[in-house]
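Close look at the chain arrangement
Here's the letter readout for the chains.
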Amino acid sequence: MGRILAIDYGQKRVGFAVTDELQICANALDTIPVAKAFDFLKNYLQKEKVDVVVIGEPRKLDNTPSDSTRYIEPFVNRLRKELPNISPDTTIARMDERFTSRMAFQTMIDIGLKKKDRQNKALVDKLSATIILQSYMEQQDLMKQRDNNL
């Protein structure tokens, strides 16, 4: 079984989170500048077996795509084009990322990080990717439970 990798794609930085090999636990992985994100991802996928790449999908409250989508779509299109060369079995999924940055910031407050540490945007991006990944995993569990009850 391969890992699930989540991506929180931003205009300046990209946060990454990943599961363990059994897909039980979501863990923050790294935050990379946008210009180096694709190379980081490519290298990671060559070293680790990844079954699913989950990309945060920015949406507005009315569920329409947000303005940030214009930054993410070229990255997603490039992944779709080049990812089969890395691993043909890897799935690309999208996950609603509304409020993940706020949730990440609140998490930093809840665990007692000092104000200076909470200003670390790279940490927010990593935590946001972890929240996206955890949400995806919970959604998949709910779908499995529903299918088992049918």
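Our structure is the block above this text.
Only a predicted model underlies this, so the values are computations on that prediction, with no experimental measurement involved.

Let us look at the layout of surface pockets. There is about 370 Å³ of room inside the largest pocket. Around the largest pocket, the lining comprises 15 residues; the ones closest to its centre are D8, Y9, S68, E97 and S101. Mapped onto the lining of the largest pocket, the elements with two or more residues apiece are strand 1 (3-9), helix 2 (69-86) and helix 3 (100-110). The computed volume of the second largest pocket comes to approximately 200 Å³. M1, I4, L22, Q23, D51, V52, Y136, M137, Q140, D141 and K144 together form the lining of the second largest pocket. Broken down by element, the residue count for the lining of the second largest pocket peaks at 5 residues, all from helix 5 (residues 121-149). Across the lining of the second largest pocket, the residue classes break down as 6 nonpolar, 2 polar and 3 charged.

The next subject is unusual backbone geometry. It is generally the case that most residues other than glycine have a negative phi and that most peptide bonds are trans. Within the chain, Q23 stands out as a residue other than glycine whose phi angle is a positive 60°. Its location among the elements puts Q23 in the loop between strand 2 (13-19) and strand 3 (26-33). Residue classification places Q23 among the partly exposed residues on the basis of a relative accessible area of 24%.

With respect to the secondary-structure elements, T31 resides in strand 3. For T31, a relative accessible area of 13% translates into the label buried. Among the polar contacts listed, one links the side chain of T31 to the backbone oxygen of A122, at a separation of 2.6 Å. Beyond its immediate chain neighbours, meaning those up to four positions away, T31 contacts R13, V14, G15, A122, D125 and K126.

Moving on to the nonpolar core. The biggest cluster of nonpolar side chains holds 20 residues, and the ones touching the most others in it are L5, I7, F16, L41, I55, F75 and L79. Elements supplying a minimum of two residues to this core: strand 1, strand 2, helix 1 (34-47), strand 4 (50-57) and helix 2. Tallying contributions element by element places helix 1 first for this core, with 5 residues. Within the second largest apolar cluster, 13 residues are counted, among which are A26, V54, A93 and L133.

Read across the open sheet, the 5 strands follow the order 3-2-1-4-5; overall the sheet is mixed. Of all strands in the sheet, those bounded by a partner on one side alone are strand 3 and strand 5 (91-96). Sheet twist, expressed as the average angle between the axes of neighbouring strands with direction ignored, equals 25°. Strand direction decides the pairing type here: strand 1 and strand 4, joined by 5 bridges, are parallel. Across the sheet, the residue bridging to I4 is V52, located in strand 4. Contacts between helix 1 and the sheet are confined to strand 1, strand 2, strand 3 and strand 4, with strand 3 contributing the most and set at about 135° to the helix.

On to the packing of helix 3 against helix 5. When two helices pack together, their arrangement is captured by the angle between the axes and the distance separating the axes. Two elements in contact, helix 3 and helix 5, have axes separated by 8 Å at closest approach and are oriented at 110°. Classified by the interaxial angle, the pair formed by helix 3 and helix 5 is roughly perpendicular. In terms of crossing hand, the pair formed by helix 3 and helix 5 is right-handed. Within the contact between the two elements, helix 3 uses T100, S101, M103, A104 and M108 and helix 5 uses L123, V124, L127, S128, I131 and I132. For the contact of helix 3 with helix 5, the residue count by class is 8 nonpolar, 3 polar and no charged.

Calculation criteria
Here the residue numbers are simple positions, counted from 1 along each chain's written sequence. In keeping with the model being predicted, local features are shown solely for residues with a pLDDT of at least 70 and side-chain atom pairs are shown and tallied solely at 80 or more, while totals for entire chains, interfaces and linings include all residues. Water and hydrogen atoms were dropped before computing side-chain values, which therefore reflect all heavy atoms in the structure. Buriedness for pockets is judged along seven lines, at least five of which must meet protein on both sides within 12 Å for an open set on the 1 Å grid over protein atoms alone, while cavities are sets there where a 1.4 Å probe fits but cannot get out, and lining residues have an atom within 4 Å of a point. Grid points are joined across faces, edges and corners, and a volume is the space filled by probe spheres set on the points. By the criteria applied, helices consist of DSSP H or I runs no shorter than four residues and strands consist of E runs no shorter than two, each listed in order from the N terminus. Asp, Glu, Lys and Arg are counted as charged, while Ala, Val, Leu, Ile, Met, Phe, Trp, Tyr, Cys and Pro are counted as nonpolar; the rest, among them Gly, fall into the polar class. Only protein chains enter the calculation, and the probe is 1.4 Å; a residue is then buried if its accessible area is under 20% of its type maximum, exposed if over 50%, and partly exposed in between. Polar contacts, as counted here, are pairs of nitrogen or oxygen atoms within 3.5 Å of one another; within protein the pair requires one atom able to donate a hydrogen and one able to accept it, and residues that are adjacent in sequence qualify only if both atoms are side-chain atoms. By the convention used here, residues are in contact when the closest approach between their heavy atoms is within 4.5 Å. Only buried residues count toward a nonpolar core, which is a set of Ala, Val, Leu, Ile, Met, Phe, Trp, Tyr and Cys residues joined through side-chain atoms within 4.5 Å. Strands are treated as partners if at least two bridges between them are detected by DSSP. In this analysis, axes come from line fits to C-alpha atoms, helices being fitted only over the stretch in contact, and the angle between any two N-to-C directions falls in the range 0 to 180 degrees. Every angle not falling under 35 degrees, over 145, or within 65 to 115 is termed oblique; those three ranges are roughly parallel, roughly antiparallel and roughly perpendicular. Helix crossings fall into two classes, left-handed where the near helix is turned counterclockwise from the far one by less than a right angle and right-handed where it is turned clockwise.

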